[in-house]
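Read off the chains here:
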Amino acid sequence: MNALRPFFLLLVLLSSACVVSAAPSPFAIHFFYGQGCPHCAKEEKVLREYENRYGNLRIERYEVYFNQENMDLLEKVVERLEAYPPAVPFLVVGDEYVVGFDENFTPDMIKTLIAKCLPGHCPDVVRQILGGEKAPPVQGSAQTARPAEQTWVITIPLAGEIDVRSFSLPMLTVVMGFLDGFNPCAMWALIFLIGLLLGMRNRARMWLLGSVFIVASAFVYFLFMAAWLNIILFFGLVIWVRIAIGLIALAGGVYSVTDAFLNPEISCKMTDDVRRRQFRVRLRNAIGQQSLLLSLVGISLLAFMVNLVEIVCSAGFPAIYTQVLSLSALPTWKYYAYIVLYIFVFMLDDLIVFFAAMLTLEITGATTTYVRYARLLGGLLMLLIGALLIFRPQVLMFG
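Keep in mind it's a predicted model, so treat the numbers as computed, not measured. (Residues numbered from 1 in each chain as written. Predicted model: local features only at pLDDT ≥ 70, side-chain atom pairs only at ≥ 80, totals over all residues. Heavy atoms only, no water.)

**Student:** Could you clarify how one ought to interpret the overall build of the protein in this entry?
**Tutor:** When helices and strands are counted, the protein shows 15 helices and 6 strands. Within the protein, contacts between residues separated by at least 24 positions form 78% of all contacts whose residues are at least 6 apart in sequence. Entry remark: accessible area of the protein is about 20800 Å², with carbon and sulfur atoms responsible for 65%. (Helix = DSSP H or I, 4+ residues; strand = E, 2+ residues; numbered from the N terminus. Contact = heavy atoms within 4.5 Å. Areas by Shrake-Rupley, 256 points an atom, 1.4 Å probe, with all protein chains shown as cover.)

Okay, structure coming up:
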């Protein structure tokens, strides 16, 4: 028996060696994200699930909004993989990448790439770029790249110091919707309509036609804002899209402030007298139809047409607001709920003017003074949001 002992020891050593060699070596994938990016948060949940499922999988995380070194690394990786433009979330698995996140197909795509590379057959592009540099922190420690103390107090002329943490997304929605509602292009068509409706004898028909025009106008605005939101969400918070909208906000703010001071009569620049006369004729023809159904269809079509034209004049606020809205990690239904709230506040002045006219049989609109002040405040708000989108987007991340 003693003679067989060396033989048994050799078998044990050989079996242990086989077990050690069979254990796969850790494989790293690289996740570039932005603090506060809603798409990144969704992908992070999927990655944690895969990280728990595969014992030899390691995820190295790089926060790019607040860490310039990580941003520089992302640009190098994007250049190597020819994956322009740089956007987050950006996941590198071996020498392949996944940009953006879609709940329907992105998880399966990531799972397929991980299964392909786990045996160790894929090159690590990020490690190749890093070369001999010190390995970056893993398991979420890169999230600490956010400065330890954020300065949330900003100084606004005449208003003094304001702590932006006191603002909320509902408050911003109400303020922006209210100021957008005083756009000079937002009410002239309704004033025309009320002038024609007041001459009707049938009060029920008068109320119905006016209400349909307002509802159709609000629906057009909803479609426009929903389209803007989905475009921004589709691009996955591309940095240059956010900066571009920030620049648009700055340009719109400068124009609005200048217009409020220099233009003696605040008016819509998108509609000349010829177009207004044509609209008035078509509106009179629609109201004058004997068939109520034809009148309703005509009023709805005119509301769509005039609002599609005028929305060019007032596209600044909706585009800026939907960009801010996309920065918050919200369920899909909440995005649309906020848009509905925005449009309700936006249409509030139209509703007040319409109801006042229907009850008193007199047209009352906002005076030029109020419109001028709203134009000035709206311009200042656009300047503030534009600067924050470019330099401090984290301030606008409410979710």
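**Student:** Even after reading the chapter, I still don't get the packing of helix 2 (residues 38-53) against helix 4 (residues 106-117), so can you show me in this structure?
**Tutor:** Angle between the axes and distance between the axes are the two parameters that describe a pair of packed helices. Following both chains from N to C, one finds helix 2 and helix 4 inclined at 35 degrees, their axes separated by 11 Å at the closest point. The handedness of the crossing between helix 2 and helix 4 comes out as right-handed. On the side of helix 2, the interface is formed by Glu 43, Val 46, Leu 47, Tyr 50 and Arg 53, while helix 4 contributes Thr 106, Pro 107, Asp 108, Ile 110, Lys 111 and Ile 114. The residue makeup of the contact of helix 2 with helix 4, split by class, is 6 nonpolar, 1 polar and 4 charged. (Axes fitted to C-alpha atoms, helices over the stretch in contact; angles between N-to-C directions. Left-handed = near helix turned anticlockwise from the far one by under 90°. Nonpolar A, V, L, I, M, F, W, Y, C, P; charged D, E, K, R; others polar.)

**Student:** Would you take a moment to explain the side chain of Thr 322 for this structure?
**Tutor:** Among the secondary structure elements, Thr 322 is positioned in helix 12 (residues 316-326). When neighbours within four sequence positions are excluded, Thr 322 is seen to be in contact with Met 225, Trp 228, Leu 229 and Ile 232.

**Student:** Would you mind going over the environment of Ala 319 with me for this structure?
**Tutor:** Along the chain, the position of Ala 319 falls in helix 12. Taking the C-alpha atoms as reference, Ala 319 lies 8.0 Å from Leu 229; in sequence the two are 90 residues apart. Setting aside residues no more than four positions away along its own chain, Ala 319 makes contact with Trp 228, Ile 232 and Ile 245.

**Student:** Sorry, what's going on with the pattern of salt bridges here?
**Tutor:** Pairs can form between side chains of opposite charge whenever their charged atoms are close. Tallied over the full model, the rule gives 7 salt bridges. Across the salt bridge formed by Arg 61 and Glu 44, the nearest N and O atoms sit 3.1 Å from each other. Placement of the pair is Arg 61 in strand 2 (residues 57-63) and Glu 44 in helix 2, with a sequence separation of 17 residues. Taken as a pair, Arg 61 and Glu 44 share a single burial class, namely buried. Among the charged side chains, a salt-bridge network with shared partners connects Glu 44, Arg 48, Glu 51 and Arg 61. (Salt bridge = Lys/Arg side-chain N within 4 Å of Asp/Glu carboxyl O. Buried < 20%, exposed > 50% of the residue type's maximum accessible area, 1.4 Å probe, protein only.)

**Student:** Is there a simple way to think about the state of the cysteines in this case?
**Tutor:** Linking two cysteines covalently through their sulfur atoms gives a disulfide. Under the criterion given, the structure shown has 1 disulfide. With a sulfur-sulfur separation of 2.2 Å, Cys 117 is cross-linked through a disulfide to Cys 122. One disulfide, between Cys 117 and Cys 122, carries an S-S torsion of -85 degrees and so falls in the left-handed class. For Cys 122, a relative accessible area of 14% gives the class buried. (Disulfide = S-S within 2.5 Å.)

**Student:** Help me understand the pairing of strand 2 in this model?
**Tutor:** Every regular strand shows the same layout, with side chains that alternate between the two sheet faces. Of all 7 residues in strand 2, 6 are buried, a share of seventy percent or more. Note: strand 1 (residues 27-33) against strand 2, 7 bridges, orientation parallel. Its bridge partner lying in strand 2, Phe 27 is registered against Leu 57. Handedness of the crossover joining strand 1 and strand 2 through helix 2: right-handed. (Pairing = 2+ DSSP bridges. Right-handed = clockwise from strand over helix to strand, strands pointing away.)

**Student:** Hey, could you run me through the packing of aromatic side chains in this one?
**Tutor:** Two measures describe an aromatic ring pair: the distance that separates the ring centres and the angle between the ring planes. In this structure the tally under the stated criterion is 13 aromatic pairs. Ring geometry for Phe 90 and Tyr 97: centres 5.4 Å apart, planes at 5 degrees, overall stacked. Residue classification places Phe 90 among the buried positions, given a relative accessible area of 0%. On the basis of relative accessible area, Tyr 97 is assigned to the partly exposed category, the value being 33%. Through successive ring pairs, a cluster of aromatic residues spans Phe 32, Tyr 62, Phe 90 and Tyr 97. (Phe/Tyr/Trp six-rings, centres within 6.5 Å; stacked < 30°, edge-to-face > 60°.)

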